[in-house]
Amino acid sequence: MAATKNLSGWIWGILLLFTALTVQAQDRQITGKITDQKDGSPLIGATVTVKGTSINALTNENGQFSLRVPANGTTLVISSVGYGNREVAITDNVVVQLSTSDASLSEVVVVGYGTKIKKDLTGSIARIKGDEVANTPVVNFNQALQGRASGVFVESQSGKVGEGVKVRIRGAGSISASNEPLYVVDGVPINSSSIAGNALADLNFNDVESFDILKDASAAAIYGSRAANGVVLITTKRGKSGKSTVNVNVQYGSNKPTGHRSFLNARQYIDLLREAAINSDNIEGIDPLDPSQYSGSWLQFAEGRLTRYSGHSNWRELETNTDWEKQAYQNDARTRLVDVNFSGGTDKTRFFLSGGLSDQDGILVGNNFQRISSRLNLEHDATERLKVGVNFGLSRTVAKRVADDNEFYTPMQMVALSPVTPVRDLDGNLYDRPVTTYYNPLIELEDSRLIATTYRNLGSAYLAYKLMNGLIFRSEFGLDVQTQNEDRYNGSRTIVGEGTNGYGQVDWYRMLNYNTNNYFNYRKLIKDKHDLDATLGMSYQKYKADFSQVYGEDFPSSDLSRLASAGRITGGTSSFDASSILSYFARVNYKLNDRYLVSLSGRVDGSSRFGTENRYGFFPAVSAGWILSEESFLSNSDVLSFLKLRASWGLTGNADGFGNFSHLSLYGGAKYNNSAALISQQLSNENLKWEKSDQTDIGFDFGLFNNRISGEVDYYVRSTRDLIYLVPVQGTTGFTSQTVNVGSMQNKGFEFVLNSTNVARKNFTWNTSLNMSFNKNKVTKLDGDQTIIPGNDGRYMNSLIVGESIGVFYGPKFAGADPQNGDALYYLEDGKSTTNDINDAHSFVVGNPNPDIIAGLNNTVSFKGFELSVLLQGVFGNQVMNGAGGFMSASFDWFDNQTSDQLKRWQKPGDITNIPQLRLGYGNGIGASSRYVEDASYVRVKNVTLAYNIPAKVTGKLKMRSARFYITGVNLFTFTNYSGWDPEVNTDYRAGNRNQGSDFYAAPQIKSLTFGLNVGF
């Protein structure tokens, strides 16, 4: 009996073992990688299915997958949106390349804490590839993006290199908080401000793989309180497994102004100045050539000035005719650039290493920007489950800066000097006051220094661990460190240093910004129809900034111009700033049957910038999409290739740009009777809270004729409430103002994108891309019953008015010159009657600095080895206020040289003109009014690139992988009715949310022509 039991046990054991072996033999684990046939890049989210079953897997961000297949499985079916399906035999390691059917729909887009293919997007995201803007000869990457994305308005303040650039995504949403988008580089939200210049110019955009611009709230809400103005996700280049490559790019070119203004020459200046003086004297019947007839008059005074301004020359003989505008520009402004990068790696380790040198002269004398940059991006698959990587960028920039536009010593204010004044005296020294009308800015070139040096460390490190199939945990740590030093010296001849025997100043700024992101991502395809993608995580960011300043006077020599040589250290200060934000976020994307799309997201942010009662905010978003072209009633259409409807709503916040301690009572140190004292500096507001912006977006994407024509259409409404603003308070509080939440604002508009493949032949292709955006901004509420906050700057009229756009020009409406006597006239309240007293004139809305339409049109043609790309950019419906008009186009109010339009002045009764009679010193029509408001619409030939790719049979003989010659022109032609230097302007000294569309001796944009060579090994 015992033997029987033992035998039975053995039999069962053998059967169990056989069964286990049979099961093991039936199933086996395989791995593989799916890539793009054209460039070898990994395909993310490709579906790998065992044919005839529902067993499948999705490829990860490296295009890799693992799958357990049954023993009777013989074939895999591999599919990816935009690629043709492919069937391959099952092996232990499957390597497959797919060819594209429509690559645009399968393009991988960065969406914040993850990626999605373009076909599955339910939010509004614009993507610009790094290759599209690479090698553009501009300093700031935002300038290279201009005109390339719908709904994104980019405006350089002026042609000063390395200085301010304004970016607005779907309009302005705040009165005094930041209107700039959030910039995220490789997962690190970066600091976009500095004490001098533009912090974004530190980034070498030739290292960038893509710019993904999150425009609607559904796409941006995952960034919560930072996303009210949109988000720009910048992804730098990565190495790819395979043969290592080397790319070398060199550029050399010249820079010139895009525009010039016409000023009076010496003959015209003398004649009009004397005419203005005679008009002011109201002298009739005198002989202007007989000085005895006008002794003690304005005319005598004017001729005395002409004698003084002529220096060693004789104005009556026209011995001097100086073009001072020409003196403001550099004669030989150049652009020089060298970029080198190395990339490659194995299946386990990939690298990208680059170094670059950029040296660009501005068009203004003394203006230059240099950048040295390097980058190392490294990824390593430590195990099948663990992946680690680092992204590290280091740059050094040196900016030789010029003064703000409102300073007498900024170069463009040279145009105010008289053309009868020689540049130098007989000994070769620069003329200055009293010979020159005002200070001669050329002295700054010889006896001053203003240099900002910045070191920028921008890096991140991450690890991604695969916990199980479909579930990955990712931890990131990012660091943004900016150290800036601005060194200033003004010698004894300069306007700042005169009387002090020289002035020196050093400003030192250090910013530390670090953050960590930790999140889980789960991806699962269920029964080949339910596609689930979920993200859950947290984020923490800390910002710190230190600032110190010291200044001194009395230098023994201009050769000893550092502060150590100052005879007296006359002052200094220091400050500290800090903030932090703690966040929790979640997102779920769901796709059913490859056609029904839903996305939900939410983020909780806690910010140190608000009091305990208002510290946390919740920012949700929801969006949905329906791919109609996948439905049976459209799937066989010969015309319609793709059609997706989408709609979204979301809430985002704004907590940037108004200071880190605005909710607190602040105290500071002071001196009183030679003793230290403590004084109150700020009125607290514990009720201060987030600006909140909710946005609704409805749109559709389409493709026609096998997607040879494709596009996007969006309609959006963006409403912002609880606007943060510094308002006046009663003097009994002991303060003048307080930061509060005061009102609301709205932006709404349409966006259109149309792409077409016009010709697609073997040796000839022609592609066109058009984007156009319509936006209407409106202030919908202000504080209490207040409906108008007028401008308070005497040269400008930017105001806040309920029902109007932010910053509209509100002031007197100019009615031209009185035909009878040449008086400047202004309209009264009825809009018909006029007055010659500007103080009696009624105020009207006379202009809007916000454009109605922005557009871009890009055509790319290739023929054999030649490529031609032409980008046109347009801005329509906005106005600019010439704040300098009261000086340079002022009916000769004083001795500034005048624009040549003053030749059309009123001279006799019956003249019909908009130029009042010239009256020296009498201010006939010089006040801020619609006289100086002009249409600033323009169309610009923004970028033209002609390139030739040397044939492979030639480069192969030269042991090169590729070689490309190219010529690039930027801002080649501008078509506009604006009479100023350039319609793209927002003068730097007062630029802000409300203060827009102003021109005060601002330098025109740079027109550049560069030649380049790109060689690959």
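Our subject is the structure listed above.
Let us look at the structure shown here.

Each value, and the rule that gives it
- Residues numbered from 1 in each chain as written.
- Predicted model: local features only at pLDDT ≥ 70, side-chain atom pairs only at ≥ 80, totals over all residues.
- Heavy atoms only, no water.
- Pairing = 2+ DSSP bridges.
- Helix = DSSP H or I, 4+ residues; strand = E, 2+ residues; numbered from the N terminus.
- Buried < 20%, exposed > 50% of the residue type's maximum accessible area, 1.4 Å probe, protein only.
- Polar contact = N/O pair within 3.5 Å; in protein donor to acceptor, adjacent residues only side chain to side chain.
- Contact = heavy atoms within 4.5 Å.
- Core = buried A, V, L, I, M, F, W, Y, C linked by side-chain atoms within 4.5 Å.
- Axes fitted to C-alpha atoms, helices over the stretch in contact; angles between N-to-C directions.
- Parallel < 35°, antiparallel > 145°, perpendicular 65-115°, else oblique.
- Left-handed = near helix turned anticlockwise from the far one by under 90°.
- Nonpolar A, V, L, I, M, F, W, Y, C, P; charged D, E, K, R; others polar.
- Phe/Tyr/Trp six-rings, centres within 6.5 Å; stacked < 30°, edge-to-face > 60°.
- Lys NZ or Arg CZ within 6 Å of the ring centre and 35° of its normal.

Some remarks on the sheet that holds strand E10 (residues 125-129)
With mixed pairing, the five strands of this open sheet are ordered in space as E10-E15-E16-E13-E14. Pairing within the sheet leaves two strands with one partner each, and these edge strands are E10 and strand E14 (188-189). In this structure, E10 lies alongside strand E15 (residues 208-214), joined through five bridges in antiparallel fashion. Residue pairing for E15: Ile128 is matched across the bridge by Phe211.

Notes on the side chain of Thr720
Secondary-structure assignment places Thr720 in strand E33 (residues 709-721). Taking the relative accessible area as the measure of exposure, Thr720 reaches 4% and is therefore buried. A polar side-chain atom of Thr720 sits 3.5 Å from a polar atom in the side chain of Ser693. Those residues in contact with Thr720, other than ones at most four positions away along the chain, are Gly173, Lys692, Ser693, Gly743, Ser744 and Met745.

Considering the nonpolar core
Core analysis: the biggest nonpolar cluster contains 43 residues, and Leu364, Met412, Leu442, Met797, Met881, Trp981 and Tyr1001 have the highest contact counts within it. Counting residues per element, the ones that place at least two in this core are helix H8 (324-328), helix H9 (442-447) and strand E44 (843-847). In this structure, Ala144, Val154, Val188 and Leu200 belong to the second largest nonpolar core, which totals 27 residues.

A short note on the packing of helix H6 (residues 266-281) against helix H7 (residues 298-309)
Running from N to C, H6 and H7 point in directions that differ by 155°, and their axes come no closer than 7 Å. As judged from the angle between their axes, H6 and H7 are roughly antiparallel. The two elements H6 and H7 meet at a crossing, and its hand is right-handed. Between H6, through Tyr269, Ile270, Leu273, Arg274, Ala277, Ile278, Ser280 and Asp281, and H7, the contact on the second element is made entirely by Trp298, Leu299, Ala302, Glu303, Leu306 and Tyr309. Residues belonging to the contact of H6 with H7 are distributed by class as follows: 10 nonpolar, one polar and three charged.

Details of the packing of aromatic side chains
Evaluated as defined, the whole model comprises 32 aromatic pairs. Ring pairing ties together the aromatic residues Trp298, Phe301, Tyr309, Trp894, Phe895 and Tyr922, which thus form one cluster. Positioned above the aromatic ring of Trp981, the side-chain terminus of Arg261 is 5.7 Å from the ring centre. Across the ring face of Tyr796, the terminal group of Arg990 is positioned such that the distance to the ring centre comes to 3.8 Å.

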